[in-house]
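Reading the structure
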Amino acid sequence: MRRLFPALKALPDPKAPLEERRRGLRAYALGLLSLHGLVLLLLLPLLPARGHPFLWGLALLGLGGVALWVQGGLREEGPSAPLVAVGLGGAGFFFLGVMGLLLRPEGLFLLLLGGGFFLRVLRSAEAALARPQGSPGSGGGPGPGSP
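Not measured: the values here are computed from a predicted model.

1. With respect to the side chain of His36
Structurally, the position occupied by His36 is in helix H2 (residues 18–43). Accessibility expressed as a relative area gives 16% for His36, which makes it buried. Filtering out sequence-adjacent residues up to four positions away, His36 remains in contact with Gly90, Ala91, Phe93 and Phe94.

Set out below in structure tokens:
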């Protein structure tokens, strides 16, 4: 617990040590994932199982939209870009979790897909955290001498 709060405090500070920022990002992601998982467990008895093919398409289309938002968030410049990306990844996990609960029992596969998506977003956010500000791919546009 002693290392958690300094890590979370160091997360938005670009001058903080990278390992401390990475630890803060992981703690933020774990807290977000835990909160979403708890809410999904509470929703389990409340959501009726509806097996409609339209919901499968909506789930996959929604995941694609969230993935585009995550990529846009990671292209942004600034210390909060990885936080935004992880938050959007958590939203994608929660969305797929709700859709999986609606489409259960086969739809519970969507919950696993959402977990994998969240882990992929976390890895991308960690890579963006390690990227220095103003580097290529950080949203600054083409550099000097670019065609």
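Now, onward.
2. Overview of the nonpolar core
In this structure, Val70 and Val86 are the most contacted members of the largest nonpolar core, which totals 28 residues. Elements that contribute at least two residues to this core include exactly H2, helix H3 (53–75), helix H4 (81–102) and helix H5 (108–130). Non-local contacts of Val70, meaning those with residues more than four positions away in its chain, are made with Ala85, Leu88, Gly89, Phe117 and Val121.

Definitions and cut-offs
Residues numbered from 1 in each chain as written. Predicted model: local features only at pLDDT ≥ 70, side-chain atom pairs only at ≥ 80, totals over all residues. Heavy atoms only, no water. Helix = DSSP H or I, 4+ residues; strand = E, 2+ residues; numbered from the N terminus. Buried < 20%, exposed > 50% of the residue type's maximum accessible area, 1.4 Å probe, protein only. Contact = heavy atoms within 4.5 Å. Core = buried A, V, L, I, M, F, W, Y, C linked by side-chain atoms within 4.5 Å.

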